[in-house]
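So you can see what is in the structure, the chains are spelled out below.
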Amino acid sequence: MDVDIGNALETRPGLTEETLDRLDDRVADAHDRIARGMADDEFGYASLNLPETADPAAIRAAVEPFGEPEAVLTVGIGGSALGAATLADALESDVDAHFLDNVDPDAVDALLADLSLADTVVNVVSRSGTTAETLANFLVVRDAMDDAGVDWTERTLVTTGEEGNLRQLAETHDLPALDVPEGVPGRFSALSTVGLAVTALQGHDVEAVLAGGRDGMDALSGSLYESPAYAYGATTYALAERGALTNAFMPYSESLETFAEWFAQLWAESLGKDGLGQTPARALGATDQHSQLQLYRAGPADKLVTLVRPTERADAPIPETDLEGLSYLGGSSLGDLLDAEFAATEASLAAADVPNVRVEIDRVDERALGELLFGMEAACVLYGELASVSTFTQPAVEWGKKAARGLLGGGDFPEAEAVADKREFRID
Ligand SMILES: O=P(O)(O)OC[C@H]1O[C@H](O)[C@H](O)[C@@H](O)[C@@H]1O
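All figures in this text were calculated on a predicted structure; none of them were measured in a lab. (Residues numbered from 1 in each chain as written. Predicted model: local features only at pLDDT ≥ 70, side-chain atom pairs only at ≥ 80, totals over all residues. Heavy atoms only, no water.)

So, the UniProt feature "active site" (unreviewed entry) in the chain
What counts, and what does not: UniProt positions are given in the numbering used here, feature names are shortened, and annotations may be inferred rather than shown by experiment. Counting from the N terminus, the helices are the DSSP runs of H or I reaching at least four residues and the strands are the DSSP runs of E reaching at least two. Note on exposure labels: buried denotes an accessible area under 20% of the residue type's maximum, exposed denotes more than 50%, and partly exposed covers the range between, all computed with a 1.4 Å probe on protein chains only. We call two residues in contact when some of their heavy atoms are within 4.5 Å.
If you check UniProt for "active site" (unreviewed entry), the listed places come out as E269, H290 and K401 in our numbering. Taken together, the annotated residues stretch across 133 residues and extend over separate regions, lying up to 36.9 Å apart by C-alpha. Tracing the sequence through the fold places E269 in helix α11 (residues 257–271). Of the residues examined, E269 reaches a relative accessible area of 17% and is grouped as buried. Among all residues touching E269, those that are not within four sequence positions of it are R187, A264, T393, Q394 and V397. Note that H290 resides in the loop between β8 (279–282) and α12 (293–298).

Some words on the sheet that holds β8
Formally: At least two DSSP bridges between two strands are required for those strands to pair. In this description, a line fitted to the C-alpha atoms serves as the axis of each element, helices being fitted only across the stretch in contact, and the angle between N-to-C directions of two axes falls anywhere from 0 to 180 degrees.
Read across the open sheet, the five strands follow the order β1-β10-β9-β7-β8; overall the sheet is mixed. Pairing within the sheet leaves two strands with one partner each, and these edge strands are β1 (2–4) and β8. Averaged over all neighbouring strand pairs, the angle between strand axes comes to 20°, with direction disregarded. Two strands pair when backbone bridges link them, and β1 and strand β10 (residues 356–361) are joined in this way by three bridges, in the antiparallel orientation. Following the sheet pairing, D4 is matched in β10 by R358. The strands touched by helix α13 (residues 334–351) within the sheet are β9 (303–310) and β10, with β9 carrying the most contacts at an inclination of about 160°.

Some points on helix α4 (residues 82–90)
Here α4 lies mainly inside the structure; eight of its nine residues are buried. Buried within α4 are the following residues: L82, G83, A84, A85, T86, L87, A88 and A90. On its buried side, α4 packs onto β3 (96–100), α8 (193–201), α9 (206–218), α11 and α14 (366–387).

Focus on the site of the ligand
What counts here: Near is defined per residue: the residue qualifies when any heavy atom it owns lies within 4 Å of the molecule or strand. In protein, a polar contact means a hydrogen-donor-capable atom and an acceptor-capable atom, both N or O and within 3.5 Å, with residues adjacent in sequence counting only if both atoms are side-chain atoms; elsewhere, any N or O pair within 3.5 Å suffices. For the area figures, the Shrake-Rupley method with a 1.4 Å probe applies, and any residue is considered shielded solely by the protein chains shown.
The immediate surroundings of the ligand are formed by 14 residues, with S80, S126, S128, T131 and E269 found nearest. In the model, an oxygen atom of the ligand is placed 2.7 Å from a nitrogen or oxygen of the R127 main chain. The side chain of T131 places a nitrogen or oxygen atom 2.5 Å from an oxygen atom of the ligand. Contact with the protein chains covers 90% of the free accessible surface of the ligand, which is 390 Å².

Laid out in structure tokens, this is it:
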């Protein structure tokens, strides 16, 4: 993973080389703290050890009994879905990957109506083993399997923590089960059993993903000038301090569209604390050049744009044409066009003094994705250290979870009482 922060210098807001030098002293201290946390396998920091601690053989052994399925249906939400979805949407496979990460009845119905459940592995994932959406969806899927005459105990893989409803279910029915590693919050679990079981079921190279993560580990050092991940974390932090409160994350590859969704959870849930944080906005190049870019270039000077791309990709020629005015396209390729769009967006933002950072990987493959996922996690942890926030907790999300559970009669949660305080001011 390469990071180019040149277009974050002398912009509005922006950094100077002196700012970066001063920041670099703080990066050294933050790196020491991170390295200590990793060495002690402290909660959260342990996630950065996953490229070395994850066990690909255990993952392969757990998926082996399922043979070569037609599809894998993951039932999970947030960090229990987005890491696997990022890898699945980036890498091509003959095994379709579907994700039930919402409880919209129409969407659930439509997905189940289209699936041949007899040829599908159901991969139910929840770190806590208690998340209402995941368990409700699983009960619906299990019922659908019964209705289709499929023995659900034969077609279900469980990935969960030591306790919780899901662990009990796995034990009661002797289901194949993988453990969520200790000390790893959901949004940092892509490079573990949580993210990689689907990768294995789809026939991808799990070892290569982890090798990419190790490339990222090897690249960490006590200076932002030597570590692309830290350069990204330090730059985004310093820009946020100076008013760049939105980070528009814009991959120039459809295969990385879900990666932007994964990034959004990582950035929002980890860094949105104590009145601080940077709002992740999801965009896609070149599509959003024709919509959101207007705001990014000419709206309030409170943003930075992160432009992500693979430097090598498959290409498709644009046929020659005698259509008037279009000869400049003929003989070129869609890849050339996308690269020109990328360069044009970068230049257009820079010309308007909008800070932007370029993140590049060689190509979209297992190894580069492993490095990219690890790199963004390390960037996020560094940002959290610099901002002194509690990167690995999510109390605001938990609040809502408790309120919803209380409303459904799932326990006595004072948070649920706040629902009655809703102010009304209706206009009919
Ligand atoms: O894996 P689970 O325990 O089911 O949690 C799934 C998601 O639930 C919560 O909303 C947390 O804030 C997320 O960080 C987590 O990824």
